[in-house]
Amino acid sequence: KKAWELFRKGKITFAEALHRAWISAKAVTINQKRIEDAKAVTGVEEETNTWSGWKKIGYEVIHGSKALFGANLIWGSRGDGAIYKARFFGRSQVQEI
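Below is a summary of the structure that appears in this document. Because the structure is a prediction, the values reported are computed rather than measured. (Residues numbered from 1 in each chain as written. Predicted model: local features only at pLDDT ≥ 70, side-chain atom pairs only at ≥ 80, totals over all residues. Heavy atoms only, no water.)

## Let's talk about the layout of surface pockets
Part 1: The space that makes up the largest pocket amounts to roughly 310 Å³.
Part 2: As for the largest pocket, its lining consists of 13 residues, of which Asn31, Ile35, Thr50, Leu73 and Tyr84 are closest to the centre.
Part 3: In terms of residue count, the dominant contributor to the lining of the largest pocket is helix 2 (residues 14–42) (four residues).
Part 4: Its residues placed into classes, the lining of the largest pocket shows six nonpolar, six polar and one charged. (1 Å grid on protein atoms, 1.4 Å probe; cavity = no way out; pocket = protein on both sides within 12 Å on 5 of 7 lines; lining within 4 Å. Points joined across faces, edges and corners; volume = space filled by probe spheres on them. Helix = DSSP H or I, 4+ residues; strand = E, 2+ residues; numbered from the N terminus. Nonpolar A, V, L, I, M, F, W, Y, C, P; charged D, E, K, R; others polar.)

Next comes the structure, spelled out in structure tokens:
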């Protein structure tokens, strides 16, 4: 399903769309493990999400809040498996929009 979405959205071949979808699918479990490990190391127990993740579910990060922790995650949808740094904010640092 993800491969078809990528194929229809972009100007890439279906083979490339399959490749990107496969990398994205593998990255989900790896990224989840990295997030859990980073959260455990910092001792954070509250619900966390990225700035854009909170925005998608109807919250905004309070201005001036500093991220509780960060994690190096795999960016699978580009197809190159690049690493990016994601910063996570806690439930106590957000408010409803």
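Further notes follow.
## A look at the nonpolar core
Part 1: Counting eight residues, the largest nonpolar core is built from Ile35, Ala38, Val44, Phe69, Ala71, Leu73, Ala86 and Phe88.
Part 2: Looking at this core, the elements that each hand over two or more residues are helix 2, strand 3 (69–75) and strand 4 (82–90).
Part 3: A total of three residues in this core trace back to one element, the largest contributor, which is strand 3.
Part 4: Among residues more than four places away in sequence, those in contact with Phe88 are Ile35, Thr48, Asn49, Thr50, Ala67, Leu68, Phe69, Ala71 and Leu73.
Part 5: Membership of the second largest hydrophobic core comes to five residues, among which are Trp54, Tyr59, Val61 and Val94. (Core = buried A, V, L, I, M, F, W, Y, C linked by side-chain atoms within 4.5 Å. Buried < 20%, exposed > 50% of the residue type's maximum accessible area, 1.4 Å probe, protein only. Contact = heavy atoms within 4.5 Å.)

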